[in-house]
Each structure stands twice: as structure tokens, then as C-alpha cells.
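Structural features, examined
Letter by letter, the chains look like this.
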Amino acid sequence: MPKVAGQGVAHRPTEQTRSLVKTLSAVGITYEDIASKLDITDDTLRKHYRKELDEGQIDANASIGY
């Protein structure tokens, strides 16, 4: 069931969730699926984990190039 913005408890990123987001992004999991795994909205994922999402994609591209 999709999450509705403005409902529920504010999300607080942890080192564990940051690591998970980066890893899932690096292996090509969609933002929608990563958000679902964390039980947050896509917007919340992008708001709190922009760096990890970008770094995961960079790591994936770098590993293909080497």
C-alpha cells in the first residue's frame, strides 16, 4: 500500500538505513522498491537519502567500467 505524504511519524535516517539504501541503489533496485523496503514514500527517500542514492549509482557504474 503506498504511503501518503504528511501521515505517520517523521522518518529518521540511521547509518544502517543509509548503508542499505546505498547498497540497494548500487545493484539497481528502483527508488520505489527501496522506499517500500524502508516503509517510506519515494519523496521521503529522495529527501533523506539523495547522497546514498547517487553514490550507489556511481559505484555501480564504476564497477562496470573496471
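Residues take numbers from 1 onward in each chain, read along the sequence in its written order. Totals for whole chains, interfaces and linings use every residue, but because this is a predicted model, local features are given only for residues with pLDDT of at least 70 and side-chain atom pairs only at 80 or more, for both listing and counting. With hydrogens and water set aside, each side-chain value is computed from the structure's full complement of heavy atoms.

Right, let's get into unusual backbone geometry. A positive phi angle, near 60°, is found at Asp-39, a position not held by glycine. Note on conventions: DSSP H or I runs of at least 4 residues are helices, E runs of at least 2 residues are strands, and numbering of each starts at the N terminus. Structurally, Asp-39 can be placed in the loop between α2 (31-38) and α3 (42-65).

Attention now goes to the environment of Thr-30. Tracing the chain through its elements places Thr-30 in the loop between α1 (15-26) and α2. Per-residue accessibility, obtained with a 1.4 Å probe over protein chains only, is compared with the maximum for each type, and a residue is labelled buried under 20%, exposed over 50%, and partly exposed between these values. Since its relative accessible area comes to 37%, Thr-30 is described here as partly exposed. Taking the C-alpha atoms as reference points, Thr-30 and Asp-42, separated by 12 residues in sequence, lie 10.0 Å from one another.

For a helix, the expected span equals 1.5 Å multiplied by the number of residues minus one. Along its 12 residues, α1 runs 16 Å from first to last C-alpha, staying within 8% of the 16 Å computed at 1.5 Å per residue. Taken residue by residue, α1 has Thr-17, Val-21, Leu-24 and Ser-25 as its buried positions. Mapping the buried residues of α1 onto a view down its axis gives an arc of 100°, with all of them on the same face. In α1, those exposed residues whose orientation departs by more than 90 degrees from the buried face are Glu-15 and Gln-16. At the C-terminal side of α1, Gly-28 shows a positive phi close to 90°. Taking the helix axis as origin, the arc is that swept by the directions to the C-beta atoms.

The next point concerns the nonpolar core. Nonpolar cores are built from buried Ala, Val, Leu, Ile, Met, Phe, Trp, Tyr and Cys residues. Side-chain atoms within 4.5 Å join them into one set. Counting 10 residues, the largest nonpolar core consists of Val-21, Leu-24, Tyr-31, Ile-34, Ala-35, Leu-38, Ile-40, Leu-45, Tyr-49 and Leu-53. Breaking this core down by element, the ones donating at least two residues are α1, α2 and α3. Looking at which element gives the most residues to this core, the answer is α2, with four residues.

To continue, consider the packing of α1 against α2. Comment: axis = line fitted to C-alpha atoms, over the contacting stretch for helices; angle = value between 0 and 180 degrees taken between N-to-C directions. Taken N-terminus to C-terminus, the directions of α1 and α2 make an angle of 150°; their axes are 10 Å apart at the nearest point. As the angle between them shows, α1 and α2 are arranged roughly antiparallel. By crossing handedness, the relation of α1 to α2 is classed as right-handed. Within the contact between the two elements, α1 uses Thr-17, Leu-20, Val-21, Leu-24 and Ser-25 and α2 uses Ile-34, Lys-37 and Leu-38. The labels follow the angle: roughly parallel below 35 degrees, roughly antiparallel above 145, roughly perpendicular from 65 to 115, and oblique for the rest. The sense of a crossing depends on the near helix, which, turned anticlockwise from the far helix by less than a right angle, makes the crossing left-handed and, turned clockwise, makes it right-handed. Any two residues having at least one pair of non-hydrogen atoms within 4.5 Å are treated as being in contact.

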